[in-house]
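Chain by chain, the residues:
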Amino acid sequence: MKLLLAPMEGLLDATLRDVLTRVGGIDRCVSEFIRVTDTLLPERAFLRVVPELLNGGRTRSGVPVRPQLLGSDPACLADNAGRLSGMSPFGVDLNFGCPAKTVNRSRGGAVLLDEPELIGCIVAAVCRAVPENTVISAKMRLGFNDDSRAEDCAQAICEAGADELVIHARTKAHGYRPPAYWERIAQVRSSLPAGPMRVIANGEIWSVADAERCREVSGCDALMIGRGMVSDPGLAMAIKGEGGVPWAEVATLLSVFWHQVCHRVERRHRAGRLKQWLNHLRRRYPEAQGAFDALRTCTEPQQIEAWFLSTAPRLAGPVHPVAPLARRFVPDNAVVTAPAEISQPC
């Protein structure tokens, strides 16, 4: 079963992608969205969000990363996809699922699900603008306020020439509230004409049991995992029957993450980034709750460094993953990265 790491604006950036893919189990990542308005973006705009493009389009551990574009102008999206394709990405992904109000107000993301004709025009324009062998994928929700046009949107994406479609099994109105309606993915799949477009299920996959149930109900042989992987870095490995990751190894990952945050993120945002991930880890690891409580009021990097020294002195100094986390490890200096951009959760 193929497992993809989901795009999560303001959370799953290049730093966390790098750390999570070191564990193993993830077959491909999709980046945070690159917003396209009315301009042809320079290459540095793509590199800011997807610095992996400087490493052959892969994370340090060798996992491919597919850049994602967001916008509503077919011609402008096509022009930017054309430029992006010149940077040798592992395909181009299109965002029709972001539920953020600020994005929807500017006619991006899930708001387009009320306009399946426009979605089809966007996908068709992008397909025409890139080389024939470039994989085009899209991510959508079941709808905006309701799921009455889910089939229309999926059919438009398929008929326009997309190779893959990820369906998040909730509407924009549902937000992230459980449950995820995996059975609707199966219904949407059955409405599509026979052809090469692969449908991938996404939404509310927190455990091996969830993954098995999602695959059974949706009929999909590939899944995309977001918050479940952030909360449990070993989830993909566990789904593939290779065991999970104990807290001792997660503590090492935290140190790797902090090391990279200090190099990529503005000083005033560094403590917040570490606490943001710890907040998610609390769902799976009781030890993360203690770490979160200890760092809750910390705002300065020196306070975080002191905590690492006091709780895990063996991790002080240069950071390198322990053997179980280094299956495909590439040294930290293998990629020259563009500065990280701080953004709000989507």
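Residues numbered from 1 in each chain as written. Predicted model: local features only at pLDDT ≥ 70, side-chain atom pairs only at ≥ 80, totals over all residues. Heavy atoms only, no water.

1. Brief notes about the packing of aromatic side chains
- Overall, the coordinates contain 4 aromatic pairs when judged by the stated rule.
- Seen from their ring centres, Trp247 and Tyr285 are 5.6 Å apart, and the 50 degrees between their planes marks the pair as tilted. Taken together, the residues span a long stretch of sequence, with Trp247 in helix H11 (residues 247-264) and Tyr285 in the loop between helix H12 (267-281) and helix H13 (286-295) at a distance of 38 residues. By the burial criterion, Trp247 is buried, and Tyr285 matches it. (Phe/Tyr/Trp six-rings, centres within 6.5 Å; stacked < 30°, edge-to-face > 60°. Helix = DSSP H or I, 4+ residues; strand = E, 2+ residues; numbered from the N terminus. Buried < 20%, exposed > 50% of the residue type's maximum accessible area, 1.4 Å probe, protein only.)

2. A closer look at H11
- In this model H11 runs 25 Å from its N-terminal to its C-terminal C-alpha over 18 residues, within 8% of the 26 Å that 1.5 Å per residue would give.
- Most of H11 sits out of view: 15 of its 18 residues are buried. (Expected span 1.5 Å × (residues − 1).)

3. Thoughts on the pairing of strand S5 (residues 136-141)
- Burial analysis of S5 places 6 of its 6 residues in the buried class, the great majority of the element.
- Judged by which residues are buried, S5 turns out to be covered on both faces: Ile136, Ala138 and Met140 on one side and Ser137, Lys139 and Arg141 on the other are all buried.
- Bridge analysis of strand S4 (residues 92-96) against S5 gives 5 bridges, and the strand direction is parallel. Bridged to Phe96 within S5 is Met140. (Pairing = 2+ DSSP bridges.)

4. Some thoughts on the sheet that holds S4
- As summarised here, the arrangement of the 8 strands in space is S1-S2-S3-S4-S5-S6-S7-S8, forming a closed barrel in which the pairing is parallel. Averaged over all neighbouring strand pairs, the angle between strand axes comes to 30 degrees, with direction disregarded.
- In terms of strand pairing, strand S1 (residues 2-5) meets strand S8 (residues 222-225) through 4 bridges, oriented parallel. Its bridge partner lying in S8, Leu3 is registered against Leu223.
- Seen against the sheet, helix H1 (residues 14-23) touches S1, strand S2 (28-35) and strand S3 (65-70) and runs at an angle of roughly 175 degrees to S2.
- Its contacts with the sheet put helix H7 (residues 182-191) on strand S6 (164-168) and strand S7 (198-202), and the angle it makes with S7 is roughly 170 degrees. (Axes fitted to C-alpha atoms, helices over the stretch in contact; angles between N-to-C directions. Contact = heavy atoms within 4.5 Å.)

5. Some points on unusual backbone geometry
- The peptide bond linking Pro178 to Pro179 adopts the cis configuration, its omega dihedral lying at 10 degrees.
- Inspection of the secondary structure puts Pro179 in the loop between S6 and H7.
- Despite not being glycine, Ser88 has its phi angle at roughly 60 degrees, a positive value.
- Along the chain, Ser88 turns up in the loop between helix H3 (74-85) and S4.

6. Some words on the pattern of salt bridges
- Going through the model one piece at a time under the given rule, you end up with 20 salt bridges.
- One salt bridge in this structure joins Arg17 and Glu52, with 2.9 Å as the shortest N-O distance. Taken together, the positions of Arg17 in helix H1 and Glu52 in the loop between helix H2 (43-49) and S3 put the pair 35 residues apart, joining distant regions of the chain. In this structure, Arg17 and Glu52 share a single accessibility class: buried.
- Asp147 serves as the salt-bridge partner of Arg184, at 2.7 Å between the closest nitrogen and oxygen. Separated by 37 residues along the polypeptide, Arg184 in helix H7 and Asp147 in the loop between S5 and helix H6 (150-159) bring together distant segments of the chain.
- You can call Arg184 buried: its relative accessible area is 12%.
- Classification of Asp147 by relative accessible area gives partly exposed; the value is 28%.
- The network of salt bridges with common partners includes Asp18, Arg22 and Arg60. (Salt bridge = Lys/Arg side-chain N within 4 Å of Asp/Glu carboxyl O.)

The quantities given are spatial measurements derived from coordinates; they are silent on function.
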